[in-house]
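# A closer look at the structure
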Amino acid sequence: MRIVALAGGIGGARFLRGLRAAVGPQDEITVIGNTGDDIHLYGLKVCPDLDTVMYTLGGGIHEEQGWGRTDETWSIKAEMKAYGVGPEWFGLGDRDFATHLVRSQMLTAGYSLSQVTEALCVRWKPGVRLLPMSDDRVETHVRITDEQGTRAIHFQEYWVKLHAAVDAEAIVAVGADTAKPAPGVLEAIAEADVILLPPSNPVVSIGTILAVPGIREAVAAAPAPVVGLSPIIGGAPVRGMADKVLAAVGVEATADAVALNYGAELIDGWLVDTVDAASAAAVEAAGIACRAVPLLMTDVEATADMARAALELAEQVRK
């Protein structure tokens, strides 16, 4: 079975760990990772979502945080602060710095982001084929209004520095309109037996991936069933502040509203948590098959059960 998953960072990575546990060694998983969160810091190219997937599946993630490296130290960050060089609000540990140094060196030498990601995965052996959504530069920005007036800031500044405390007025994937899917992305979608949308942020993770011209169209046209899992449980995001960015695009923070925003032209099936079972009727009425199952990723086995439920629903709605 050839499975393609569109994934963001922490939620996507943890789901993929369960998915990997749910399928056999003969099955192939291709992950199309969000690069809209990418940012340049200290002269280095940082790819938070790609690295979170790579570290999580490769056994190097800081489990409690869900991001960054385990057994991390912070000497470089302390030295940068001593020199008065920021930003202080974005944490890069010493081990993490090494990844960004290698990536930046390879990019400067002329390798594409796809090639660099493949090279980094040689070390981590994530057990999946990890592809960036695009080799072109795409950055998600957020329009806000605060004491400095109305301005656009990088999503990382909005999410990490401001903790989404200010209302997001608009979400813009800068560069997405002229970006091209990375090599292998459209081919993987076209050849997939199942396409999954993990419980990643539907606006700034999966939404940004779909904003790259050709990717949404490829998913919608794919012969494989497309099944998504709700990142909203009981009217609130399981992790993070997805409700803030959903409001910016006019979508309620409910399991059914997220499904309807994707639409029946994109997804064939949708999983909601058991607490949201009543919302299944609205999803079904829109032409999307919907099932209620436990969606809390409390451990790998619980997450594997979620993945199995998604694959079972895919079989039920297979075109």
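Report on the accompanying structure. None of the values given here were measured: they were computed from a predicted structure.

Our focus in this paragraph is the layout of surface pockets. Quantified by volume, the largest pocket comes out at close to 1,000 Å³. Along the wall of the largest pocket there are 46 residues; nearest its centre are G9, I10, W67, W159 and R239. Breaking the lining of the largest pocket down by element, the ones donating at least two residues are α1 (10–22), α2 (48–58), α4 (94–108), α6 (155–161) and β11 (232–233). With five residues, the single largest contributor to the lining of the largest pocket is α2. A class-by-class count of the residues in the lining of the largest pocket yields 24 nonpolar, 16 polar and six charged. The volume enclosed by the second largest pocket comes to roughly 200 Å³. As for the second largest pocket, its lining consists of 14 residues, and the residues nearest its centre are P202, V203, G207, T208 and A211. In terms of residues, the lining of the second largest pocket owes the most to one element, helix α8 (residues 206–211), which gives four residues. Taken together, the residues of the lining of the second largest pocket sort by class into nine nonpolar, four polar and one charged.

This paragraph deals with α2. Residues separated by three or four positions in an α-helix point in the same direction, a consequence of the helix having 3.6 residues per turn. In terms of residue burial, α2 counts as a mostly covered element, since 10 of its 11 residues are buried. What α2 keeps buried is the set P48, D49, L50, D51, T52, V53, M54, Y55, T56 and L57. Positive phi appears at G59, one or two residues downstream of α2, with a value of about 85 degrees.

Attention now goes to the packing of aromatic side chains. Evaluation of the coordinates by the stated rule reveals five aromatic pairs. Above the face of the Y55 ring, R69 is positioned so that its terminal group lies 5.5 Å from the ring centre.

A word on the sheet that holds strand β6 (residues 139–146). Within the open sheet, the three strands sit side by side as β7-β6-β8. Their pairing is antiparallel. Only two strands of the sheet have a single partner each, and these edge strands are β7 (149–154) and β8 (170–174). For this sheet the average axis-to-axis angle between neighbouring strands, irrespective of direction, equals 30 degrees. The sheet contact formed by β6 and β8 spans five bridges and is antiparallel. Directly across from E139, in β8, lies its bridge partner V174.

With that out of the way, let us pick up the pairing of strand β13 (residues 269–272). Of the two faces of β13, both are covered, the one formed by G269 and L271 as well as the one formed by W270 and V272. With three bridges joining them, strand β10 (residues 226–229) and β13 adopt parallel strand pairing. From the neighbouring strand, L229 faces β13, where its bridge partner is L271. Taken together, the four bridges between β13 and strand β14 (residues 289–292) define a ladder with parallel strand orientation.

What counts and what doesn't
Residues numbered from 1 in each chain as written. Predicted model: local features only at pLDDT ≥ 70, side-chain atom pairs only at ≥ 80, totals over all residues. Heavy atoms only, no water. 1 Å grid on protein atoms, 1.4 Å probe; cavity = no way out; pocket = protein on both sides within 12 Å on 5 of 7 lines; lining within 4 Å. Points joined across faces, edges and corners; volume = space filled by probe spheres on them. Helix = DSSP H or I, 4+ residues; strand = E, 2+ residues; numbered from the N terminus. Nonpolar A, V, L, I, M, F, W, Y, C, P; charged D, E, K, R; others polar. Buried < 20%, exposed > 50% of the residue type's maximum accessible area, 1.4 Å probe, protein only. Phe/Tyr/Trp six-rings, centres within 6.5 Å; stacked < 30°, edge-to-face > 60°. Lys NZ or Arg CZ within 6 Å of the ring centre and 35° of its normal. Pairing = 2+ DSSP bridges. Axes fitted to C-alpha atoms, helices over the stretch in contact; angles between N-to-C directions.

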